[in-house]
Amino acid sequence: RARTQRSKPDVIYLIYDPTDVRLAQNIKADLKKKNLQVIHHDSVKLGRSKEEFLQINGPQVAMATQVIVLLTEAATGSPFVFHEVLFADWLGKKLVSAMFKNVWSTLRASLKAVLGECPAVDFETKMYNESLDVLEHHIKPLRRVPGVVLEQSYLNKMAEGLKPLEMLAYSRNGVVSRTPSEGDPQVFISYQWDMQGKVEDIKQLLENNSLQCWADVSITLPPRGHSSKSSRSGVGLHDGGSETLQSQIQRNMKAASVVLSCITPKYLQSDNCKKDLTLAETFNKPVIPVLLRFSPQESAPEQVRKILSKFSYIDLSNERLYKQNIPLVLEKIKKAVSQRGGYRDY
């Protein structure tokens, strides 16, 4: 029945392991913004066997014109990913891998056989938004419009961002698994400009304890938004004039092991807060919220509240609490960093 079912235009089926649900939800939301309908397995009814799982979800796979496979650590041993990929291939669906981790060496032989020559997009070493553009262009190329000529550089960029999975896994500039390097931050500090002095004190303390941090506190940058509007868009060039602040934020967030979220009333209302926390969720980074000023959580936008509700605050809102609780902040950060293999004892 699934084989005889007609696929629907602009419908994408997302294959992922249930433990990667947050990542899948973010990808789904971003693709929906690009007018693509995204469906996936029923997260409530997974079935008690391979047969039940495919019986429940098979018709959904059959409905899609394209299938995206999220490749992560969890995907390598996932029976859900394994069975859905083989079923999608049996249905003759077009498959594309979104590689968030170079797991080629640990993939099952049958998955290598199916996915090895299929196109793949590098989400591990490239900027998330750029990779998403490549993925969108592959799924839904811009139609030829009379009188509109697409720049060749754009077309080249879209083509270069797409390679067969096996080639991408082994390419020098592809998704080669990285170990933390001397220049990579271990802690990404998310904050609002109104508390820059306190943020710099915390950053100094962490670095004195051999924890490399990143926060955009450089004097060469404009302030991080005195209003709720973000100061990041259209920011001047920084670090040698070759990289925008937004790309620095994405690169350093991706490299970091943990995100330290510095909570104040202005921070909760800021664009920076929403962008940083959404990016942290996309990259599946643990967040440690520290309260620098009393801030009722209900005053935050719903999306921010939803993300922060998963984590426990540490109160640093006055001198006594700061002295009492800063060792706990240090301990939690070191634990998060060591769990992700990023602690370097200098």
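My aim in this report is to walk through the structure given alongside it, one point at a time. These figures come from a predicted structure and were not determined experimentally.

Our focus in this paragraph is the overall build of the chain. Helices and strands together make up the secondary structure of the chain, namely 14 helices and 11 strands. Per-residue burial for the chain yields a buried fraction of 48% across its 346 residues. Put simply, 79% of the contacts in the chain that link residues at least 6 apart link residues at least 24 apart. Put simply, the chain shows about 17,500 Å² of open surface, and 51% of that area lies on carbon and sulfur atoms.

Reading across from one edge, β2-β1-β3-β4-β5-β6 is the order of the 6 strands in this open sheet, with mixed pairing throughout. Strand pairing shows two members of the sheet lacking a second neighbour, β2 (37–40) and β6 (162–164), which therefore form its edges. The average undirected angle you get between the axes of adjacent strands in this sheet is 35°. The pairing of strand β1 (residues 11–15) with β2 spans 4 bridges and is parallel. Pairing of Y13 across the sheet is with I39, part of β2. Running over the sheet, helix α4 (residues 79–90) touches β1, β3 (66–71) and β4 (94–99) and is turned about 145° from β1.

A few words on the packing of aromatic side chains. Throughout the structure, instances matching the rule amount to 5 aromatic pairs. A ring pair is formed by Y128 and F283, whose centres lie 6.3 Å apart and whose planes are at 85°; its orientation type is edge-to-face. Here the residue Y128 occupies a position in helix α6 (residues 128–139), and F283 occupies one in the loop between α12 (271–282) and β10 (287–291), the gap between them amounting to 155 residues. Its relative accessible area of 11% is what places F283 among the buried residues. An aromatic cluster of at least three residues, connected via ring pairs, comprises F100, F123, Y128 and F283. If you follow R108 out to its NZ or CZ, it ends over the ring of F82, 4.0 Å from the centre. Over the aromatic face of Y322 sits the side chain of K198, whose NZ or CZ is 4.5 Å from the ring centroid.

Looking at the element boundaries, N102 is found in the loop between β4 and α5 (109–115). On the accessibility criterion, N102 (14% relative accessible area) is buried. Side-chain polar atoms of N102 contact the backbone oxygen of A169, separated by 3.1 Å.

Attention shifts here to the pairing of strand β9 (residues 258–263). In terms of residue burial, β9 counts as a mostly covered element, since 6 of its 6 residues are buried. Side chains of β9 alternate between two faces, with V258, L260 and C262 and V259, S261 and I263 buried alike. Pairing between strand β7 (residues 187–190) and β9: 4 bridges, direction parallel. Residue pairing for β9: V187 is matched across the bridge by V258. Summarising the sheet, β9 and β10 pair through 5 bridges and their orientation is parallel. When the bridges of β10 are listed, I263 appears paired with L291.

The next subject is the side chain of N252. Considering the arrangement of structural elements, one finds N252 in helix α10 (residues 245–255). Residue N252 is classed as buried on the basis of its relative accessible area of 4%. Aside from chain neighbours lying at most four places away, what touches N252 is P185, F188 and W214.

Among the nonpolar cores identified, the biggest contains 42 residues, and L14, I27, I68, L70, F100, F123 and L277 are the most heavily contacted of them. Here this core gets 5 residues from one element, more than from any other, and that element is α6. Other than its neighbours up to four places away in sequence, F100 contacts L23, I27, L70, L71, T72, F123, E124 and Y128. Formed by 34 residues, the second largest nonpolar core is a distinct cluster that contains I15, I39, V61 and V103.

Calculation criteria
Each residue is numbered by its place in its chain's sequence as written, counting from 1. Reporting of local features is limited, given that this is a predicted model, to residues whose pLDDT is at least 70; pairs of side-chain atoms are given and counted only at 80 or more, and all residues count toward the totals for whole chains, interfaces and linings. Hydrogens are left out, water is left out, and the side-chain values use all remaining heavy atoms of the structure. Runs of H or I in DSSP of at least four residues are treated as helices and runs of E of at least two as strands, each being numbered from the N terminus. Only protein chains enter the accessibility calculation, which uses a 1.4 Å probe; a residue whose area is less than 20% of its type maximum is buried, one above 50% is exposed, and one in between is partly exposed. Contact criterion: two residues are considered in contact whenever any of their non-hydrogen atoms come within 4.5 Å of each other. Residue exposure ignores everything except the shown protein chains as possible cover, and the areas themselves are Shrake-Rupley values with a 1.4 Å probe. For two strands to pair, DSSP has to find at least two bridges joining them. All axes here are fitted lines through C-alpha atoms, helices being fitted over the stretch that makes contact, and every angle between N-to-C directions spans 0 to 180 degrees. Each pair of aromatic rings taken from Phe, Tyr and Trp, with Trp reduced to its six-membered ring, is defined by centres within 6.5 Å and is described as stacked if the planes are under 30 degrees apart, edge-to-face if over 60, and tilted in the remaining cases. When the NZ atom of lysine or the CZ atom of arginine is within 6 Å of a ring's centre and also within 35 degrees of its normal, the charge is said to sit over that ring. Counting of polar contacts relies on pairs of N or O atoms within 3.5 Å, with two restrictions inside protein: one atom must be capable of donating a hydrogen and the other of accepting it, and residues adjacent in sequence are counted only when both atoms are side-chain atoms. Residues belong to one nonpolar core when they are buried, are Ala, Val, Leu, Ile, Met, Phe, Trp, Tyr or Cys, and are joined through side-chain atoms within 4.5 Å.

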